[in-house]
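# Descriptive analysis of the structure
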Amino acid sequence: MSLMDNYGRAHDDLRISVTDRCNFRCFYCMPEEGMTFLPHDEILTYEEIVRVVRLTTELGFTSYHLTGGEPLLRRDLDELVRQMFEINPKMDLALTTNGVYLPEMAKRLYGAGLRRVNISLDSLDENKFLLMTRRNVFKQVMAGIEAAAEAGFSPIKINAVALKNLTEEELPRFARWSRETGYAVRFIEYMPLDADQSWQREKVLTAEEILEGLSSEGELELVNGHPSDPATRYRYKDGKGEVGVIASVTRPFCETCNRIRLTAEGEIRTCLFSTVEHNIKTLLRGGATDEAIKKWLADVVRTKTPGHLIGQKEFVQPDRTMSAIGG
Ligand code: SAM
Ligand code: SF4
């Protein structure tokens, strides 16, 4: 059984935000100051999240991501990982993190069964890292990446947001780094999910420009991936280094989208750019049966729109920032 929307897209991927809090203030994601966070009792408990995972697994979901905010700020995240694998030991589970707490947590997460980690790192230059994240913790993130590698995580994927007039010189730098270390680096086009609503199309370093910048280090060839993987992957022809682009703005992949999202306070979103949310917490805390929730989820998926409208005049930027949705 799978959850089908009205456009023939089957859904089997859930991104779960475990917290809206973060220890960074990346300028493209959060305001520098004045962010208000959810009170603890409004955030889904692990028990509630695990129930959603069980019900979606029964509906055919096989792929899950843990994200936030910064997911490693949530205490004992390895416990959630362990409980998720008890539901389906073969589940494809990944964590997206800014990496600062990986030195403490990498081994515990690996011990709980996690094998895939995506670490966000926008720049290999310490000063630019500070400018973009507004936190002076470059060395801790690098230590986090090393801790993940030592714990056994493989592949390690690095996510870098690409911005015009800011991160062009990161492209060859990251390419060389990927070729040396074997980490896969994926460049994400800047999306309109910032707190200041200062996104402009002109600030997007496009997939085309990214690939041009990466080509300076060698000839690239396409790697065949899963059709619903948002990243288009490439490797260097000499076999060393893997890079990728997530081109949500210039090459939207809505037609093959297979995911829905669960926010930290229990809203289901059918798209990153949804302006409508569906509250599952009321059902979870109101005594709804498993069958009722599964039917509700099937109805929610059918409300999904065909695609986001970034760059078109009908586009409305969501009120929430990326950190509050769960990227
Ligand atoms: N805090 C964790 C982290 O940074 O990896 C997980 C949450 S974060 C919201 C998930 C991803 O979204 C990160 O890779 C981040 O770079 C990306 N992101 C945030 N705001 C974005 C934006 N406006 N455009 C593109 N990517 C964005
Ligand atoms: Fe925090 Fe991740 Fe957003 Fe940066 S991108 S502010 S690390 S949630």
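Everything here concerns the structure above.
Residues numbered from 1 in each chain as written. Chains lettered and ligands numbered in written order. Predicted model: local features only at pLDDT ≥ 70, side-chain atom pairs only at ≥ 80, totals over all residues. Heavy atoms only, no water.

### Let's talk about the site of ligand 2
Our working rule: Note on definitions. A residue lies near a molecule or strand when any single heavy atom of the residue is within 4 Å of it. Note that Gly is not counted as nonpolar here; it falls among the polar residues with everything else outside the nonpolar set of Ala, Val, Leu, Ile, Met, Phe, Trp, Tyr, Cys and Pro and the charged set of Asp, Glu, Lys and Arg.
Around ligand 2 lies a shell formed by Cys22, Phe24, Cys26, Cys29, Met30, Gly69, Asn98 and Ser323. Residues of the shell around ligand 2, tallied by class, amount to five nonpolar, three polar and no charged.

### Notes on the pattern of salt bridges
Oppositely charged side chains may form a pair once their charged atoms are brought near each other. Here is the rule we go by: By salt bridge we mean one thing: a side-chain nitrogen of Lys or Arg within 4 Å of a carboxyl oxygen of Asp or Glu. Helix and strand assignments come from DSSP, with helices taken as H or I runs of at least 4 residues and strands as E runs of at least 2, each series counted from the N terminus. For every residue, the accessible area (1.4 Å probe, protein chains only) is compared with the maximum for its type, and the residue is labelled buried under 20%, exposed over 50%, or partly exposed between those bounds.
Counted according to the given criterion, the structure contains 27 salt bridges. The residue Glu32 makes a salt bridge to Arg134 at a minimum N-O spacing of 4.0 Å. Placement of the pair is Glu32 in the loop between strand 3 (13–17) and helix 1 (46–58) and Arg134 in the loop between helix 4 (126–133) and helix 5 (138–151), with a sequence separation of 102 residues. One salt bridge connects Lys294 with Glu291, and the closest N-O pair in it is separated by 3.5 Å. Of this pair, Lys294 and Glu291 are both found in helix 9 (residues 290–301), three residues apart, which corresponds to roughly one turn of the helix. Looking at Lys294, the relative accessible area reads 13%, which means it is buried. The exposed category is assigned to Glu291, whose relative accessible area is 54%. Each of Arg51, Arg54, Glu58, Asp290, Glu291 and Lys294 takes part in salt bridges that share partners, so that together they form one network.

### Concerning the pairing of strand 8 (residues 184–189)
Selection rule: Any two strands between which DSSP finds at least two bridges are classified as paired. The handedness rule is simple: strands pointing away from the viewer, and a clockwise path from the first strand over the helix to the second, make the crossover right-handed.
Buried residues dominate strand 8, accounting for six of its six residues. Residues Ala184, Arg186 and Ile188 of strand 8 are buried on one face, and the alternating residues Val185, Phe187 and Glu189, pointing to the opposite face, are buried as well. Across six bridges, strand 7 (residues 156–162) lies against strand 8 in parallel orientation. Considered in strand 8, the bridge of Lys157 is made with Ala184. Note that the unit made of strand 7, helix 6 (residues 170–181) and strand 8 has a crossover that is right-handed.

### A short note on the sheet that holds strand 7
One key point about sheets: their strands pair by backbone hydrogen bonds, in either a parallel or an antiparallel sense. For clarity, the cut-off: Contacts are residue-level and defined by heavy atoms, with any inter-residue pair within 4.5 Å sufficient. Axes here mean lines fitted to C-alpha atoms, for a helix over just the part in contact, with angles spanning 0 to 180 degrees between N-to-C directions.
What the twelve strands build is an open sheet, ordered 9-10-11-8-7-6-5-4-3-12-13-14; its pairing is mixed. Edge positions in the sheet fall to strand 9 (220–223) and strand 14 (278–279), since each of these pairs with one other strand and no more. Relative to the sheet, helix 2 (residues 77–87) contacts strand 3, strand 4 (63–67) and strand 5 (92–97), its axis offset from that of strand 4 by approximately 170 degrees. Together, strand 7, strand 8, strand 9, strand 10 (231–236) and strand 11 (242–246) form the strand contacts of helix 7 (residues 207–215), whose direction differs from that of strand 11 by roughly 165 degrees.

### A closer look at unusual backbone geometry
In this chain, Ser154 is followed by Pro155 through a cis amide linkage whose omega measures 0 degrees. The topology assignment puts Pro155 in the loop between helix 5 and strand 7. Of note, Arg134 is a non-glycine position whose phi angle comes to about 60 degrees, a positive value.

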